Amino acid sequence: MTPFEGDTVSASGTDTRGDDAEDTADLQLSPDLTDAPAAYVQDLAAPGGDLLDTVADWGPVTTGAGVFRLVPVVADRDLSLITTWMNDPVVDAFWLLAGPAERTAAHLARQLDGDGRSVPCLGVLDGLAMSYWEIYRADLDPLARHYPSRLHDTGVHLLIGSAEDRGRGIGAALLRGVADLVLRWRPRCQRVVAEPDVRNAPSIAAFRAAGFRKTGEADLPGKRAALMVRDR
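Per chain, residues are indexed from 1 in the order of the written sequence. Local features in this predicted model are restricted to residues whose pLDDT is 70 or higher, and side-chain atom pairs enter the listing and the counts only when it is 80 or higher, whereas totals over whole chains, interfaces and linings include all residues. Computation of side-chain values: all heavy atoms of the structure, hydrogens and water removed.

Asker: Would you mind going over the packing of aromatic side chains with me for this structure?
Answerer: Here a ring pair, both rings aromatic, is described through the centre-centre distance and the interplanar angle of the planes. By convention, a stacked pair of Phe, Tyr or Trp rings (six-membered ring in the case of Trp) has centres within 6.5 Å and planes under 30 degrees apart, an edge-to-face pair has planes over 60 apart, and any other such pair is tilted. For the structure on display, the rule yields three aromatic pairs. With 5.6 Å between their ring centres and 65° between their planes, Trp95 and Tyr132 make a pair best called edge-to-face. Taken together, the residues span a long stretch of sequence, with Trp95 in helix 3 (residues 89-95) and Tyr132 in strand 4 (residues 128-137) at a distance of 37 residues. A single burial state applies to Trp95 and to Tyr132, both of which are buried. Helix and strand assignments come from DSSP, with helices taken as H or I runs of at least 4 residues and strands as E runs of at least 2, each series counted from the N terminus. Burial classes: relative accessible area under 20% of the type maximum marks a residue as buried, over 50% as exposed, and values in between as partly exposed (1.4 Å probe, protein chains only).

Shown next, in the form of structure tokens:
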């Protein structure tokens, strides 16, 4: 997670995203769903078949930091910018994706070429792309093995791209705004979840400031995570 309230903690997404980590797009179904009733499985997607209720249509939200919008990634347009962010040593400390553009492209492709359970997005604040987000189905993610997931739980990973935007409270404002968007546009979702590293106290504080509560801890690939939940 990003060091929203402090300058000494590494910026990253909510989990370690290196090449060896389990990825949101890797599972066919969460283990929780292996023996689920047919009605449960059929209820995974929205009526139109979109697992995340069409993130591209969510529109803007007004936050304490400005007007914010999630814009789904277009690889040809956005790869260079996201690669630059991934090569920031502060970001790489948690995301572990520093290197050539091909490495970032492969990470994006696992989501863009998948079934839609994870949508990579640029975070655009007052018209400026300044952060990277992954909005994902936590109930269909490897994370579901580590907490009592519920149907339509929605997770967030993020990084703040510019050092100037870190440590000023912007992250907490954006987290609150994104959680508001999820709960507004995903009516069947009752919870927004995240799993920052337990060592990242500023990140956990930012989640708390955004209305999340800590429900426990879990050993995930590469880290021990704090399980943060915001209820509807």
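Asker: I tried to follow the side chain of Glu195 on my own but got confused; where do I start?
Answerer: Tracing the backbone through its elements, the reader meets Glu195 in the loop between strand 6 (191-194) and helix 6 (201-209). A distance of 2.9 Å separates a polar atom in the side chain of Glu195 from a polar atom in the side chain of Tyr136. In protein, a polar contact means a hydrogen-donor-capable atom and an acceptor-capable atom, both N or O and within 3.5 Å, with residues adjacent in sequence counting only if both atoms are side-chain atoms; elsewhere, any N or O pair within 3.5 Å suffices.

Asker: Would you mind showing me how to read the packing of helix 5 (residues 170-185) against helix 6 here?
Answerer: A pair of packed helices can be characterised by two numbers: the angle between their axes and the separation between those axes. Two elements in contact, helix 5 and helix 6, have axes separated by 8 Å at closest approach and are oriented at 45°. Of the possible angle classes, the one that applies to helix 5 and helix 6 is oblique. Crossing geometry of helix 5 relative to helix 6 is assigned as right-handed. Together, Ala172, Leu175 and Arg176 of helix 5 and Ala206, Phe207 and Ala209 of helix 6 make up the contact between the two elements. Taken together, the residues of the contact of helix 5 with helix 6 break down into five nonpolar, no polar and one charged. With axes taken as lines fitted to C-alpha atoms, and helix axes fitted only over the stretch in contact, angles between N-to-C directions fall between 0 and 180 degrees. Roughly parallel means an angle under 35 degrees; roughly antiparallel means over 145; roughly perpendicular covers 65 to 115; every other angle is labelled oblique. Crossing chirality is assigned from the near helix's rotation relative to the far helix, an anticlockwise turn below a right angle marking it left-handed and a clockwise turn marking it right-handed. Contacts between residues were defined by any pair of non-hydrogen atoms, one from each residue, lying within 4.5 Å. The residue classification treats Ala, Val, Leu, Ile, Met, Phe, Trp, Tyr, Cys and Pro as nonpolar and Asp, Glu, Lys and Arg as charged. All others, Gly included, are polar.

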